[in-house]
Amino acid sequence: MSTSPRLDIGVLQRLKIRCISETGWFDTATVFDDIKTAGGAEIDQYTIPWPPFGALHPDNAAGFSALLEAEATDGTMRRILFDTGWNPAWMDRRFAEEGIDRLLQQGQIEALVISHEHFDHFWGIGSTLKHCPDLTIYVPEGFHPVGGFHPAGFELIRQQGHTGKVVTTPGDQPLVLFPGLALVNFPMHTLLKVDGENVLYAHLKDRGLAMVTGCGHGGVLNLLNYARQTFIGGEHIHAIYGGLHIAPLEDWDEARDQVINTLSQYGIDKVACNHCTGRTAVEKMLAVGIPVIRGTARNGSQIPLFVGNGDVLELG
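Residues numbered from 1 in each chain as written. Predicted model: local features only at pLDDT ≥ 70, side-chain atom pairs only at ≥ 80, totals over all residues. Heavy atoms only, no water.

(A) Molecular detail of the overall build of the protein chain. Along the protein chain, the regular secondary structure elements total 9 helices and 13 strands. Over its C-alpha trace the protein chain gives a radius of gyration of 18 Å, about what one expects of a compact globule, namely 20 Å for 316 residues. Along the longest, intermediate and shortest principal axes, the C-alpha atoms of the protein chain span 50 × 45 × 40 Å. Taken across its 316 residues, the protein chain has 55% of its residues classed as buried. Carbon and sulfur atoms make up 49% of the accessible area of the protein chain, which totals about 12400 Å². Across the protein chain, the mean location of the 23 positive side-chain charges is 6 Å away from that of the 36 negative side-chain charges. (Helix = DSSP H or I, 4+ residues; strand = E, 2+ residues; numbered from the N terminus. Rg over C-alpha atoms; globule rule 2.2 N^0.38 Å. Buried < 20%, exposed > 50% of the residue type's maximum accessible area, 1.4 Å probe, protein only. Areas by Shrake-Rupley, 256 points an atom, 1.4 Å probe, with all protein chains shown as cover. Lys, Arg positive; Asp, Glu negative; His and termini not counted. Charge placed at Lys NZ, Arg CZ, Asp CG, Glu CD.)

(B) Quick peek at the nonpolar core. Formed by 35 residues in total, the largest nonpolar core has its most connected members in W50, I100, F119, F122, W123, I125 and I137. Broken down by secondary-structure element, the contributors of at least two residues to this core are α1 (28–38), α2 (88–98), α3 (100–105), α4 (119–122), α5 (125–129), β5 (136–140) and α6 (152–159). When sequence neighbours within four positions are dropped, the list of residues in contact with I125 reads T84, L112, I137, L156, I157 and Q160. Counting 33 residues, the second largest nonpolar core, distinct from the first, contains M211, L223, L263 and I268. (Core = buried A, V, L, I, M, F, W, Y, C linked by side-chain atoms within 4.5 Å. Contact = heavy atoms within 4.5 Å.)

(C) Seen up close, the pattern of salt bridges. In the structure shown here, the tally under the stated rule is 16 salt bridges. The salt bridge involving K16 is made with E69; its shortest N-O contact spans 3.3 Å. Of this pair, K16 sits in strand β1 (residues 14–21) while E69 sits in strand β2 (residues 65–71), and the two are 53 residues apart along the sequence. Across the pair, exposure class does not vary: K16 and E69 are buried alike. The closest approach of N and O atoms between D251 and R256, which form a salt bridge, is 3.5 Å. Here D251 falls in the partly exposed class, since its relative accessible area comes to 37%. One connected set of salt bridges, linked through shared partners, spans R18, R93, R94, E97 and E98. (Salt bridge = Lys/Arg side-chain N within 4 Å of Asp/Glu carboxyl O.)

(D) Structural view of the packing of helix α7 (residues 220–230) against helix α8 (residues 254–263). Viewed as axis vectors pointing N to C, α7 and α8 meet at an angle of 30 degrees, and their least axial separation amounts to 10 Å. With respect to their mutual orientation, α7 and α8 come out roughly parallel. Taking contact as the criterion, the partners of V220, L221 and L224 in α7 are, on α8, V259, T262 and L263. Per-class residue counts for the contact of α7 with α8 are 5 nonpolar, 1 polar and no charged. (Axes fitted to C-alpha atoms, helices over the stretch in contact; angles between N-to-C directions. Parallel < 35°, antiparallel > 145°, perpendicular 65-115°, else oblique. Nonpolar A, V, L, I, M, F, W, Y, C, P; charged D, E, K, R; others polar.)

(E) Region of interest: α1. Those residues of α1 that fall on the buried side of the exposure criterion are V31, D34 and I35. Along the axis of α1, the buried residues cluster in a sector spanning 95 degrees; they form a single face. In α1, those exposed residues whose orientation departs by more than 90 degrees from the buried face are K36 and T37. In the segment just after α1, G39 is the residue with positive phi, at about 135 degrees. (Arc of directions from axis to C-beta.)

(F) Here's a closer look at the sheet that holds β2. Here 7 strands make up an open sheet; going across it, the order is β6-β5-β4-β3-β2-β1-β13 and the pairing mixed. Two strands in the sheet have a free side with no partner beyond their single neighbour: β6 (166–169) and β13 (312–315). Averaged over all adjacent pairs, the angle separating strand axes in this sheet is 20 degrees, with direction ignored. The pairing of strand β3 (residues 77–82) with strand β4 (residues 111–113) spans 3 bridges and is classified as parallel. Across the sheet, L81 pairs through a bridge with L112, a residue of β4. On top of the sheet, α2 reaches β1, β2 and β3; it is set at about 140 degrees to β1, its chief contact. (Pairing = 2+ DSSP bridges.)

(G) Region of interest: unusual backbone geometry. The residue after P51, namely P52, is reached through a cis peptide bond having omega 5 degrees. Looking at the secondary structure, you find P52 in the loop between α1 and β2. For H57, which is not glycine, the phi torsion reads 50 degrees and is therefore positive. Summarising the element assignment, H57 is placed in the loop between α1 and β2.

(H) Region of interest: the layout of surface pockets. The calculated volume of the largest pocket comes to roughly 310 Å³. Lining the largest pocket are 16 residues, and of these T28, H275, R279, Q302 and F306 lie nearest its centre. Classifying every residue of the lining of the largest pocket by side-chain character gives 7 nonpolar, 5 polar and 4 charged. Here the second largest pocket defines a volume of roughly 260 Å³. If you go around the second largest pocket, you meet 19 residues; those closest to its centre are W25, F32, H118, L191 and H245. When residues of the lining of the second largest pocket are traced back to their parent elements, those giving at least two are α1 and α4. Grouping the amino acids of the lining of the second largest pocket by side-chain chemistry returns 12 nonpolar, 6 polar and 1 charged. (1 Å grid on protein atoms, 1.4 Å probe; cavity = no way out; pocket = protein on both sides within 12 Å on 5 of 7 lines; lining within 4 Å. Points joined across faces, edges and corners; volume = space filled by probe spheres on them.)

Here you go:
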């Protein structure tokens, strides 16, 4: 085990997470049938004619996005947009309904963090940039167009009129965005030639750490153990928000049971799950007493097991 001193990222007084959209898509079978028809899990996602690149099943395309409002101990408020969804028509609607378009226009959101390059987290970027083209964007190192990686992600950002700075987050090197909030890129490879995932960690005064994920492809236990070992405050995980990628296709086995049982031993105060966690996984969490925060199943969200569209998680 490493003997390196843990990193002090500062503290926040409070963190409010507004779920803009947890509905990556409405029907899972349709999405994976589209992938199979296009050539399978190892094809380049940009070859599938989904919105905004084509008109394949536009009514099934939605997206993942959340707004983080972080209050410093002196009362200063900082806002970060975490992911930018998929279908521009859907994201335009959700941004308007939650007032995100206005915040972007007024310059009250200082950066966009892209968790990873998957279509439902990134392809809706035009809905963000049309309101604030000079917004700073953080992307994981997997976006980089060298070493065999395709440049399509950067090209999409350019095509949408971006005039600001793009920051590539290096692997396993915490980047403090501002006191109390750190960004970490976890190297990984997943379906549709997507590499690298950014995860946010917030240190809440007198509470501990909160972890915010897009999909958590690196494994929820790995991401939590990283926080414990790396950050001051990591000895207690106060909250998790986002996709945990435990059973996105609702398949189940003994290994997943072990993940849930181990998760129940962390003493987490609040667990707020989104789409790719899987319904079965959330039901298993509830069965072992994990404090899952339920949603309201409105604005396009389908079930209250997930913190859904328009729901707010208050931390601190």
